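This is what each chain is made of:
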Amino acid sequence: MKGKRLLIVGAGGFIGGFIARKALELGYDTTVAVRESTSRRYLDDPSLKFLVLDYDSQESMLRAIGQEQQGWDYVIYNLGATKCANFLDFNRINFEYLRRFCTVLTECGKVPEKFLYMSSLSAVGAGDERTYAPISEDVRPNPNTRYGLSKIKAEQWLEISSGLPWIIFRPTGVYGPHEKDYLMMIKSIDRHFDFGVGFRRQMITFVYVEDLVEAMFAALESAPVGRRYNISEPRAYSQAEFRRIVAEELGGKFVVPLRLPMWAVYAVSAVAEKVAAFSGKASTLNRDKYQIMKQRNWCCTTDLAARDFGFTARTDLRQGIRKTVAEYLKEKKRKKSE
């Protein structure tokens, strides 16, 4: 919305770069909040304004935000950690950082018209694995991971204590160019192997990053505050469907599906977690991730987002994988030529 001032918190990552580009495209006066150490690889547009914040210091944030002459009409809070070497960091990064930042906004008199918080479907916990009924926004949350617990804690603090005009998004699996976790799966399939976990049917939902970002701006412009929204493509996929789509987009790769029993996945995850704690570097595999992989039902409803701000995911999994694989192959070719 031309002329509106927007602050994107957590702009340096995979999703943040897409948010910043879309904001500039729509004519927003865009500021990106980053740490001193944050990569600016995807924040290279000269129109962007930068606000450097130290989320570990409330006093430092008070000074930095207090020096801003104007506030922002909208804030998109995209900061968070999806994996940590120390599980206590989930609470520190996903809850404490949010609480400090929102407190500073209020103390500086810079409360926005709308505050959009990026949560996760993991905040809800496991869906019904008997009927595979879709998870709705009004289901009672019962998170089964430390990540999910930190997200629901942040949601509840926003609702009860923040005093901000909040909107909460609970996206399902977000993928697209530059995303790392699904890229690992694509690389594995490119090498002719697909590793699945468990022997019971698992239904997975996805949202392509550009569809998620479009939903953000639609919600800022027209969604009522005080609402939570699931954001996803309207259908779910099996692991076999995902594998087939990726293999076809890679040129018809022959792929060997390998199914690992859950006890073996748990054992590997526990060991990887210990190694990560010792080294201080987060591992993709850990007991939190095990619970996520164990979950069989990731189906969710998106009717509320469709009703309130017209959200419909325009990119199905095949279209999104095509774009993602094209970027992966381009980067692979570039590295070979170096």
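Sequence order sets the numbering: in each chain, residues are counted from 1 along the sequence as written. With the structure being a predicted model, the display of local features is reserved for residues of pLDDT at least 70 and the display and counting of side-chain atom pairs for 80 or more, all residues being used for whole-chain, interface and lining totals. Side-chain numbers come from the whole structure's heavy atoms, not from hydrogens or water.

Positive charge collects at one region of the surface, where Arg41, Lys180, Lys187, Arg191 and Lys335 lie side by side. If you trace the backbone, Arg191 turns up in the loop between α5 (181-190) and β8 (193-197). Arg191 sits in the exposed class, given a relative accessible area of 58%. In this analysis, a patch consists of residues with relative accessible area above 30% that form no salt bridge, clustered at 9 Å for like charges and at 5 Å for the nonpolar side chains Val, Leu, Ile, Met, Phe, Trp and Tyr. In this description, accessible areas are obtained by the Shrake-Rupley approach with a 1.4 Å probe, and a residue is regarded as covered only by the protein chains that are shown. The salt bridge definition used is simple: a Lys or Arg side-chain nitrogen within 4 Å of an Asp or Glu carboxyl oxygen. Counted charges follow a simple rule, with Lys and Arg positive, Asp and Glu negative, and His plus the chain ends left uncounted. Here the site of a charge means atom NZ of a Lys, CZ of an Arg, CG of an Asp or CD of a Glu. Each helix corresponds to a stretch of at least 4 residues labelled H or I by DSSP, and each strand to a stretch of at least 2 residues labelled E; elements are numbered beginning at the N terminus. Partly exposed residues are those whose accessible area sits between 20% and 50% of the maximum for their type, while under 20% is buried and over 50% is exposed, using a 1.4 Å probe and protein chains only.

Okay, the sheet that holds strand β4 (residues 74-77) next. Hydrogen bonding along the main chain pairs the strands of a sheet, whether they run parallel or antiparallel. The sheet built from 7 strands is open, its strands ordered β3-β2-β1-β4-β5-β6-β10 with parallel pairing. Across the chains shown, the open sheet's two edge strands, defined by having one partner strand only, are β3 (49-52) and β10 (227-231). Taking the axes of each pair of neighbouring strands and ignoring which way they run, one obtains an average angle of 20° across the sheet. Two strands pair when backbone bridges link them, and strand β6 (residues 166-171) and β10 are joined in this way by 5 bridges, in the parallel orientation. Along β10, the bridge assignment pairs Ile167 with Arg227. In what follows, residue pairs with any heavy atoms lying within 4.5 Å of each other are defined as contacts. Fitting a line to C-alpha atoms yields each axis, with helices limited to the stretch in contact; the angle taken between N-to-C directions then spans 0 to 180 degrees. Lying on the sheet, helix α6 (residues 209-222) is in contact with β1 (5-9), β4, β5 (114-118), β6 and β10; it crosses β5 at an angle near 155°. Two strands pair if DSSP finds at least two bridges between them.

Below, the discussion takes up helix α8 (residues 262-279). Here α8 contains 18 residues, and its C-alpha end-to-end distance of 25 Å stays within 8% of the 26 Å for a straight helix at 1.5 Å per residue. Buried residues of α8: Met262, Ala264, Val265, Ser269, Ala272, Glu273 and Ala276, and no others. Summarising the axial view, the buried residues of α8 lie within an arc of 165°, below the 170-degree limit, and thus occupy one face. Among the exposed residues of α8, those pointing more than 90 degrees away from its buried face are Trp263, Val271, Lys274, Val275 and Phe278. Looking at the buried residues of α8, the elements they touch are β8, β11 (256-260) and α9 (287-294). Positive backbone phi, at 80°, marks Gly280, one or two positions downstream of α8. One less than the number of residues in a helix, times 1.5 Å, gives the span that helix is expected to have. The arc in question is traced by the directions running from the helix axis to the C-beta atoms.

This next bit is on the packing of aromatic side chains. Note on aromatic pairs: each is described by the distance of the centres and the angle between the planes. Any pair of Phe, Tyr and Trp rings, taking the six-membered ring for Trp, is counted once the centres come within 6.5 Å. Such a pair is stacked with planes under 30 degrees apart, edge-to-face with planes over 60 apart, and tilted for the rest. All told, the structure shown has 21 aromatic pairs when counted by the stated rule. Here Tyr28 and Tyr74 contribute two aromatic rings whose centre-to-centre distance is 6.2 Å and whose plane-to-plane angle is 55°, an arrangement assigned as tilted. Placement of Tyr28 in the loop between α1 (14-25) and β2 (29-34) and of Tyr74 in strand β4 is noted, with a sequence separation of 46 residues between them. Each ring, one from Phe206 and one from Phe242, has its centre 5.6 Å from the other, and the planes form 10°; the classification is stacked. Linking Phe206 in strand β9 (residues 206-208) with Phe242 in helix α7 (residues 239-249), this pair joins segments that are 36 residues apart in sequence.

Under the definition given, this model contains 27 salt bridges. Arg100 serves as the salt-bridge partner of Asp56, at 4.0 Å between the closest nitrogen and oxygen. Placement of Asp56 in the loop between β3 and α2 (58-66) and of Arg100 in helix α3 (residues 88-107) is noted, with a sequence separation of 44 residues between them. Between Arg307 and Asp308 there is a salt bridge whose closest N-O contact spans 2.9 Å. Of the residues examined, Arg307 reaches a relative accessible area of 56% and is grouped as exposed. It is possible to trace a salt-bridge network through shared partners that takes in Lys22, Glu25, Glu214 and Arg314.

A word on the packing of α3 against helix α4 (residues 146-162). Following both chains from N to C, one finds α3 and α4 inclined at 20°, their axes separated by 8 Å at the closest point. Classified by the angle between their axes, α3 and α4 sit roughly parallel to one another. For the pair α3 and α4, the sense of crossing is right-handed. Facing α3, whose interface residues are Phe90, Asn91, Asn94, Phe95, Leu98, Arg99, Cys102, Thr103 and Thr106, α4 presents Arg146, Tyr147, Ser150, Lys151, Lys153, Ala154, Trp157, Leu158 and Ser162. Throughout, the ten residues Ala, Val, Leu, Ile, Met, Phe, Trp, Tyr, Cys and Pro are labelled nonpolar, Asp, Glu, Lys and Arg are labelled charged, and all others, Gly among them, are labelled polar. In the contact of α3 with α4, the residues fall into 8 nonpolar, 6 polar and 4 charged. Note that the term roughly parallel is reserved for angles under 35 degrees, roughly antiparallel for angles over 145, roughly perpendicular for angles of 65 to 115, and oblique for everything else. Definitions for this section: a left-handed crossing has its near helix turned counterclockwise from the far helix by less than a right angle. A right-handed crossing has that turn clockwise.

Attention now moves to the environment of Asp211. In this structure, Asp211 sits in helix α6. Separated by 55 residues in the primary sequence, Asp211 and Tyr266 have C-alpha atoms spaced 33 Å apart. Setting aside residues no more than four positions away along its own chain, Asp211 makes contact with Phe311, Ala313, Arg314 and Thr315.

At their nearest, the axes of α5 and helix α11 (residues 317-337) sit 11 Å apart, and the two run at 70° to each other. It follows from the interaxial angle that α5 and α11 lie roughly perpendicular. With respect to the hand of their crossing, α5 and α11 are arranged in right-handed fashion. Of the residues in α11, those touching α5 at Leu183, Ile186, Lys187 and Asp190 are Thr324, Val325, Tyr328 and Lys332. Residues that form the contact of α5 with α11 fall into these classes: 4 nonpolar, 1 polar and 3 charged.

A cluster of nonpolar side chains, namely Phe193, Phe195, Leu258 and Leu260, defines an oily patch on the protein surface of about 340 Å² accessible area. Of all the elements in the fold, those that place two or more residues in the nonpolar patch are β8 and β11. Of note, Leu260 is situated in strand β11.

Over its 21 residues, α11 runs 30 Å from end to end, which matches the ideal 30 Å to within 8%, given 1.5 Å per residue. Among the residues making up α11, those that are buried are Leu317, Gly320, Ile321, Thr324, Val325 and Tyr328. For α11, the arc enclosing every buried residue in end-on projection is 125°, short of the 170-degree limit, so these residues lie on one face. Residues Lys330, Lys333 and Ser337 are exposed on α11 and point more than 90 degrees away from its buried face. Close packing links the buried residues of α11 with β7 (173-175), α5, β9 and α7. Polar contact criterion, stated in full: a pair of N or O atoms within 3.5 Å, where within protein one must be able to donate a hydrogen and the other to accept it, and residues adjacent in sequence count only if both atoms are side-chain atoms. In this structure Asp316 caps α11, since a side-chain oxygen of it lies 3.2 Å from the backbone nitrogen of Arg318.

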